[in-house]
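# Secondary and tertiary structure notes
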Amino acid sequence: MSAVSPTLPAAGSTAAAGPITLTLPPIPTMVRVGRLTASSVASLADMSIDDIDDIKIAVSEMITVLIQSGSRTNITLRFETTATEFAVEATAPTPTNDLGRNDLALAIAVLEAVADQHHVASTDDRIMIRIVKRLSPIPTGSAPSTRA
Amino acid sequence: MEEVGKNESIRVLLEDKVVIAEGDIDLAGGPLLDAAIARVESTEPLVIDLAAVEFIDSSGLRSLLAASRRAESRGTRVVLRRPSSGVVRLLTITGTTEQFDVEEASPA
């Protein structure tokens, strides 16, 4: 008989630590840095391998959109874990709030597929992208799942 | 086998007109892949070996889709050889698999 941990997810220590913030220069090589950092932070939340892969894809898309939107100053990534979800918010000042100038459709399609929620917003001088991944209870004694 | 491009994300090789990508096809890796593809584009099918691709995102996919559009304009196709599981997944979730001929998918 397998038991399910009654208190979810084994992310307590990460959640208690509060949000984690990373600042990156808006250059293409930093996409990988953001992705690898996201992978490490997500693993602290005891996410499955598949969910960590989803977070890596989402963060890559978020940083790429911000760079391609013309940001000339640093991109800020904020990771936050609660008892039920893992959220990532990426923001950057941009010279335009016209998201339509960029080919966002493919990136948005990817975010829709890999995140449980996503939100893209722009103001006069800033773009914000937020994604949320729900945390699943991990059955006691089970190994991380892999995607079929 | 000739190494035609390398940076922090990707290593791109050419062997018998086959483009071989290793590593990550992202905003940093895509331009090197584009440059390698441009060297071998012709009226023959363009083969890109993706077995060693560890990560791809939509910016990388755009490189492949652009190559596919150019190939179609020449009356030919892009062949994705042995796409890794990450490549297969991105093609699936974006509904772009049909833009390519896919050979020998690697086990997930």
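What you are looking at is a predicted structure, and each value in this text was computed from that prediction instead of being measured.

What counts as what
- Residues numbered from 1 in each chain as written.
- Chains lettered and ligands numbered in written order.
- Predicted model: local features only at pLDDT ≥ 70, side-chain atom pairs only at ≥ 80, totals over all residues.
- Heavy atoms only, no water.
- Salt bridge = Lys/Arg side-chain N within 4 Å of Asp/Glu carboxyl O.
- Helix = DSSP H or I, 4+ residues; strand = E, 2+ residues; numbered from the N terminus.
- Buried < 20%, exposed > 50% of the residue type's maximum accessible area, 1.4 Å probe, protein only.
- Core = buried A, V, L, I, M, F, W, Y, C linked by side-chain atoms within 4.5 Å.
- Contact = heavy atoms within 4.5 Å.

## Things to note about the pattern of salt bridges
Applying the stated criterion across every chain, the model contains 18 salt bridges over all chains. Its salt-bridge partner being Asp24 of chain B, residue Arg32 of chain A comes within 3.0 Å of it at the nearest N-O pair. Of the two residues, Arg32 of chain A is situated in helix H2 (residues 29-44) and Asp24 of chain B in strand E3 (residues 18-25); the pairing between them involves two chains. Classification of Arg32 of chain A as partly exposed rests on a relative accessible area of 27%. Two residues, Glu80 of chain A and Arg78 of chain A, come together in a salt bridge whose shortest N-O distance is 2.9 Å. Classification of Arg78 of chain A as partly exposed rests on a relative accessible area of 33%.

## Details of the nonpolar core
One finds Leu77, Phe79 and Phe86 of chain A together with Val19, Leu33, Ile48 and Leu50 of chain B to be the most contacted residues of the largest nonpolar core, which totals 65 residues. Among the elements that line this core, the one with the most residues is helix H3 (residues 49-68) of chain A, at 10 residues. Sequence-distant contacts of Ile48 of chain B, that is, excluding residues within four places in its chain, are made with Val19, Leu33, Ile37, Leu64, Val78, Val79, Leu80 and Arg81 of chain B. Core analysis: the second largest hydrophobic core is formed by five residues, Leu13, Val18, Ile20 and Val79 of chain B among them.

## Side note on unusual backbone geometry
Residue and element names in this part refer to chain B. The phi dihedral of Asp16 falls on the positive side, at around 50°, and the residue is not glycine. With respect to the helices and strands, the residue Asp16 is situated in the loop between strand E2 (10-15) and E3. The exposure class assigned to Asp16 is exposed, which follows from its relative accessible area of 73%. The phi torsion at Lys17 lies on the positive side, around 65°, for a residue other than glycine. Along the polypeptide, Lys17 turns up in the loop between E2 and E3. A relative accessible area of 65% means that Lys17 is categorised as exposed.

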